[in-house]
Amino acid sequence: MPQPPDHPSPDPRQPVTATPPPQYPGAATTPPQYPGAATAPPQYPGTATAPPPQYPATPTPPPAYPGTPTPPPAYPGAAAPPPQYPGATTPQPSYVPPQYPNPAAPQLGYPTAAQPGYPTAAQPGYGYGHGHPSAYPQHPGTPAPQPQVPTHPFGPQPPAPDDLHYRHLGSRVHIAAHQRGADATAIGQLATQIPGFLVSLAVVSAISVAMFGSTAGWIVILAWLASGALVFHRPTELAFARHVLKLRRPLAEERARLEPIWREVTARAGVEADTYELMIENSTDLNAMAAAGHVVGVTTYALNRIPSSNLAAVLAHELGHHTGGHAWAGLLGYWYSLPGRIAWAVTRGLARVALAVARAFSFAGTGLMYLFMGAFVVFGFLAAWYITIPLVLAPYLLAAAGRRGELRADQQSAALGFAPEMAQVLHHFQAEQDAAKAHAAAQGKKLREPGGLAKLLSSHPDNYTRLRALEPYLQPIR
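Residues numbered from 1 in each chain as written. Predicted model: local features only at pLDDT ≥ 70, side-chain atom pairs only at ≥ 80, totals over all residues. Heavy atoms only, no water.

A.B. asks: Any chance you could break down the overall build of the protein for me, citing the residues and the numbers?
C.D. replies: The number of helices and strands found in the protein is 11 helices and 3 strands. Reading the helices (α) and strands (β) of the protein from amino to carboxyl end gives α-α-α-α-β-β-β-α-α-α-α-α-α-α. Burial statistics for the protein: of 478 residues in total, 31% are counted as buried. By element, 67% of the accessible surface of the protein is carried by carbon and sulfur atoms, the whole surface being about 30000 Å². (Helix = DSSP H or I, 4+ residues; strand = E, 2+ residues; numbered from the N terminus. Buried < 20%, exposed > 50% of the residue type's maximum accessible area, 1.4 Å probe, protein only. Areas by Shrake-Rupley, 256 points an atom, 1.4 Å probe, with all protein chains shown as cover.)

A.B. asks: Quick rundown of the confidence of the model for the protein? Include the residues and the values.
C.D. replies: One rule of thumb: low pLDDT means the predicted coordinates there are not for detailed reading. Looking at the protein, the pLDDT average stands at 74 and 66% of residues meet or exceed 70. Here residues 34-42 is a poorly scored stretch, pLDDT under 50, and it has 1 contact once near neighbours within four places are set aside; other chains count. Counting contacts from residues 44-50, a segment whose pLDDT is below 50, to residues more than four positions away or on other chains yields 3 contacts. (pLDDT = per-residue confidence, 0-100. Contact = heavy atoms within 4.5 Å.)

A.B. asks: Explain the pairing of strand 2 (residues 288-291) to me, and be specific about the residues and the numbers.
C.D. replies: In terms of strand pairing, strand 2 meets strand 3 (residues 295-299) through 4 bridges, oriented antiparallel. Residue pairing for strand 3: Met289 is matched across the bridge by Gly297. Two successive antiparallel strands, strand 2 and strand 3, enclose a turn made up of 3 residues, where Ala292 displays a positive phi of approximately 55 degrees. (Pairing = 2+ DSSP bridges.)

A.B. asks: Could you give me a rundown of the sheet that holds strand 1 (residues 277-281), with the residues and numbers involved?
C.D. replies: The strand order 1-3-2 describes an open sheet built from 3 strands, whose pairing is mixed. Only two strands of the sheet have a single neighbouring strand rather than two, namely strand 1 and strand 2. For this sheet, the mean angle separating the axes of adjacent strands, direction not counted, is 25 degrees. With respect to the sheet, helix 4 (residues 252-269) is in contact with strand 1 and strand 3, its orientation differing from that of strand 1 by roughly 130 degrees. (Axes fitted to C-alpha atoms, helices over the stretch in contact; angles between N-to-C directions.)

A.B. asks: Can you explain helix 7 (residues 326-361)? Please cite residues and give values.
C.D. replies: Here helix 7 contains 36 residues, and its C-alpha end-to-end distance of 50 Å stays within 8% of the 52 Å for a straight helix at 1.5 Å per residue. Considering bend angle alone, the principal kink of helix 7 is centred on Leu338 and spans about 45 degrees; proline Pro339 follows within four residues of it. (Expected span 1.5 Å × (residues − 1). Bend = angle between axes of the 7 residues up to and from the residue.)

A.B. asks: I'd love a proper account of the pattern of salt bridges, names of residues and values included.
C.D. replies: Between side chains of opposite charge, a pair can form when the charged atoms approach closely. Enumeration over the complete set of coordinates arrives at 7 salt bridges. Glu264 is paired through a salt bridge with Arg268; the nearest N and O atoms lie 2.8 Å apart. Taken together, the positions of Glu264 and Arg268, both in helix 4 and 4 residues apart, correspond to about one turn of that helix. For the residue pair Glu264 and Arg268, the accessibility class agrees, reading buried in each case. (Salt bridge = Lys/Arg side-chain N within 4 Å of Asp/Glu carboxyl O.)

A.B. asks: Quick rundown of the environment of Gln433? Include the residues and the values.
C.D. replies: Within the fold, Gln433 resides in helix 9 (residues 385-442). Among the residues examined, Gln433 registers a relative accessible area of 40% and is labelled partly exposed. As a C-alpha pair, Gln433 and Asn463 span 30 residues in sequence and 10.0 Å in three-dimensional space.

A.B. asks: Go over the nonpolar core with me, naming the residues and quoting the values.
C.D. replies: Judged by nonpolar contacts, the single largest core of 36 residues is most densely connected at Leu258, Trp262, Leu311 and Phe418. Mapped by element, the contributors of at least two residues to this core are helix 4, strand 1, strand 3, helix 5 (300-305), helix 6 (308-323), helix 9 and helix 11 (463-474). Ranked by residues supplied to this core, first place goes to helix 9 with 8 residues. If we skip the residues at most four places from it in the chain, Leu311 touches Arg257, Leu258, Ile261, Val298, Ala302, Leu303 and Ile306. In terms of nonpolar packing, the next biggest core, distinct from the first, is built from 11 residues, Ala186, Ile221, Val231 and Ala292 among them. (Core = buried A, V, L, I, M, F, W, Y, C linked by side-chain atoms within 4.5 Å.)

A.B. asks: Account for the packing of helix 1 (residues 184-192) against helix 9, naming residues and giving values.
C.D. replies: Interaxial distance between helix 1 and helix 9 falls to 9 Å at its minimum, and their mutual angle equals 165 degrees. Viewed along their axes, helix 1 and helix 9 adopt a mutual orientation that is roughly antiparallel. Crossing of helix 1 over helix 9 shows left-handed handedness. Two secondary-structure elements touch here, helix 1 through Ala184, Thr185, Gln189 and Thr192 and helix 9 through Ala394, Leu397, Leu398, Ala401, Gly402, Arg404, Gly405 and Arg408. Of the residues in the contact of helix 1 with helix 9, the class split is 5 nonpolar, 5 polar and 2 charged. (Parallel < 35°, antiparallel > 145°, perpendicular 65-115°, else oblique. Left-handed = near helix turned anticlockwise from the far one by under 90°. Nonpolar A, V, L, I, M, F, W, Y, C, P; charged D, E, K, R; others polar.)

A.B. asks: Requested: an account of the pairing of strand 3, with residues and values cited.
C.D. replies: Judged by how many residues are buried, strand 3 sits mostly within the fold: 5 of 5 residues are covered. Alternating positions in strand 3 separate into two faces, Val295, Gly297 and Thr299 on one and Val296 and Val298 on the other, with burial throughout. The pairing of strand 1 with strand 3 spans 5 bridges and is parallel. Across the sheet, Leu278 pairs through a bridge with Val296, a residue of strand 3.

A.B. asks: So, a nonpolar patch on the surface: which residues are in play, and what are the values?
C.D. replies: A surface patch of nonpolar side chains, about 900 Å² in accessible area, is lined by Phe376, Val377, Phe381, Trp385, Tyr386, Ile389, Val392, Leu393 and Leu397. No other element matches helix 9, which puts 6 residues into the nonpolar patch. Within the secondary structure layout, Trp385 lies in helix 9. (Patch = residues over 30% accessible without salt bridge, like charges linked within 9 Å, V, L, I, M, F, W, Y side chains within 5 Å.)

A.B. asks: Give a detailed account of helix 9, specifying residues and quantitative values.
C.D. replies: One turn of the α-helix equals 3.6 residues, which is why residues spaced by three or four share an orientation. Along its 58 residues, helix 9 runs just 50 Å from first to last C-alpha, ending more than 12% under the 86 Å computed at 1.5 Å per residue. Along helix 9, the sharpest change in direction is near 125 degrees and occurs at Phe418; proline Pro420 comes one to four residues later. Two residues or fewer past helix 9, Gly444 is found with a positive phi of approximately 80 degrees.

A.B. asks: I'd love a proper account of the side chain of Glu254, names of residues and values included.
C.D. replies: Tracing the backbone through its elements, the reader meets Glu254 in helix 4. There is a polar contact of 3.0 Å between the side chain of Glu254 and the side chain of Arg248. Discounting chain neighbours no more than four positions away, the residues touching Glu254 are Arg248, Ile280, Thr300 and Leu303. (Polar contact = N/O pair within 3.5 Å; in protein donor to acceptor, adjacent residues only side chain to side chain.)

This is the structure we're talking about:
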């Protein structure tokens, strides 16, 4: 049967080739890659074949997001270290309490660049515990101080370094047979106070006999003469230091810093350390004092803010006042001249009242009062010149003896091996004076320089005089 024209029969002479069927969905050929096909689908979170995403609690980095070849930025908690905020695991510098700033004066750097200075943190031997049996204790509950603590005028201050060379640490200390004495300065102080003592004796005798009669009056006079021994009575000295000089006993941490330095100083001098009582004065000044027969006081500034070597130099200076007899001689002379001083103050007060009353009535009465007082002074000079003239000269002589005593105490400190450190302290004093002058000049003011009489009444020589006296101890040994 003939085929329809639209369906021709194949030629038997031609090979039969299989024509590919049309590519419909689901055929044997590779279909387009739709979701759910045989090929691997994209890895979404939660599929069985892909690992779970790494959240911030795990140490591994988070997974890459689908379709992005690069990992996402690290968020807080990822493998990258987070920024260090306060309270992180990095060590923080220990807290150090403020070191008694002085609000009344500008904060001065100690020392200035132009002056010999205290050791800095970069120098060896800087910090508590260096060359010492134990580190000085800090406040309870605080860790050891970090050497990187910055110094800021309004922030915490680093502790004072313990740079003292302890020569006698753990060794046997030689105690000298002669513990103290009275050098020429002490004898001069006592001699200068003799006129004041005679005036005081006259005042005490007149008042005692007038109030208690002859017999009881002499008992009072003898009791007053014997009262000078209280200068060497330890309980009386401590009461005098607490109530008059405003000193206090050191706290435990203050004693832990002060006593080893003091024992090194006394060991070099061959002096028994327990002979003296260490006390503290709350002050922002660099200062110390030798009082009565057994008291050594030091300010909180000197205790907390200067290196141990400089504190040792200051303590050796005060020890020189004690071993030379300056402290007890000065206090003994002051005690025996005190009644005369009181009588003189009362006389001056009465004279001022009398002049004020005379001025209120008439000029003639005022002139007569001046004439009367002048005649009284002239009569005193003529009748008892051997007392009145020394009384007038006594303040200048006492000041001269005090200046000489300071130089001798500096030499005592230098002889114990603290000459460079004593020079540093004196340079600090001079730097403070220069800074005060510069501060006043910046404000358009001018500090008044002491006059000639004021210099003669000064109990301390100027800093340059003291530095010149230390020069022989600062020369290198040849």
